[in-house]
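If you want the building blocks of each chain, they are given just below.
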Amino acid sequence: MSGCIPDEEEEVPCDVGDFVWTFHPDGDQIGSGHVVSVDLPGGTVTVEDRDGRRRSFPFALVEAPPVGRAD
């Protein structure tokens, strides 16, 4: 799991509007949704699922699915 981990020379690889998967710290996928905000100083991404619920996740627990997969 690569996550949306910022690197000193690169911007966070997920942006508002991107579709992402969300994970539990143990590595299991727990959901998916669209990024509604990115908090760089706080190191979190807020994701809204298809039911309209919003949750914040640390960068390391959010990952863009492989190209062609959006489930």
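Residues numbered from 1 in each chain as written. Predicted model: local features only at pLDDT ≥ 70, side-chain atom pairs only at ≥ 80, totals over all residues. Heavy atoms only, no water.

Enquirer: Provide a residue-level description of the overall build of the protein chain, including the pertinent values.
Expert: When you go through the protein chain residue by residue, the secondary structure sums to zero helices and five strands. Along the chain direction, N to C, the helices and strands of the protein chain fall in the order β-β-β-β-β. The 71 residues of the protein chain split such that 30% are buried. The long-range share in the protein chain, meaning contacts at least 24 apart out of those at least 6 apart in sequence, stands at 37%. If you sum the accessible surface of the protein chain, you get close to 4800 Å²; carbon and sulfur atoms cover 48% of it. (Helix = DSSP H or I, 4+ residues; strand = E, 2+ residues; numbered from the N terminus. Buried < 20%, exposed > 50% of the residue type's maximum accessible area, 1.4 Å probe, protein only. Contact = heavy atoms within 4.5 Å. Areas by Shrake-Rupley, 256 points an atom, 1.4 Å probe, with all protein chains shown as cover.)

Enquirer: Please set out the nonpolar core residue by residue, giving values where relevant.
Expert: Cys14, Val20, Val35, Val45, Val47, Phe57, Phe59, Leu61 and Val62 together form the largest nonpolar core, which totals nine residues. Not counting residues within four places of it along the chain, the set of residues in contact with Val47 comprises Val20, Thr22, Ser32, Gly33, His34, Val35, Val36, Arg53, Arg54, Arg55 and Phe57. (Core = buried A, V, L, I, M, F, W, Y, C linked by side-chain atoms within 4.5 Å.)

Enquirer: If you had to explain the side chain of Thr46 to someone new, which residues and values would you point to?
Expert: Positionally, Thr46 belongs in strand E3 (residues 44-48). Of the residues examined, Thr46 reaches a relative accessible area of 15% and is grouped as buried. Polar side-chain contacts of Thr46 include one of 2.9 Å to the side chain of Ser56. Each residue touching Thr46, except ones within four places of it in the same chain, is listed here: His34, Val35, Val36, Ser37, Arg54, Arg55 and Ser56. (Polar contact = N/O pair within 3.5 Å; in protein donor to acceptor, adjacent residues only side chain to side chain.)

Enquirer: I'd like a description of the side chain of Asp49, backed by residues and values.
Expert: Tracing the backbone through its elements, the reader meets Asp49 in the loop between E3 and strand E4 (54-58). For Asp49, the side chain forms a polar contact with the main-chain nitrogen of Asp51, separated by 2.9 Å. One polar contact links Asp49 to Arg53, side chain to side chain, over a distance of 2.9 Å. Contacts of Asp49, omitting those with residues within four sequence positions, involve Ser32 and Gly33.

Enquirer: Give me the pattern of salt bridges: which residues, what numbers.
Expert: Taken as a whole and judged by the stated rule, the model has three salt bridges. Close ionic contact of Arg53 with Asp49 constitutes a salt bridge, the shortest N to O distance being 2.9 Å. Taking relative accessible area as the criterion, Arg53 reaches 52% and is therefore assigned exposed. Each of the salt bridges in this network shares a partner with another, and the network as a whole consists of Asp49, Asp51 and Arg53. (Salt bridge = Lys/Arg side-chain N within 4 Å of Asp/Glu carboxyl O.)

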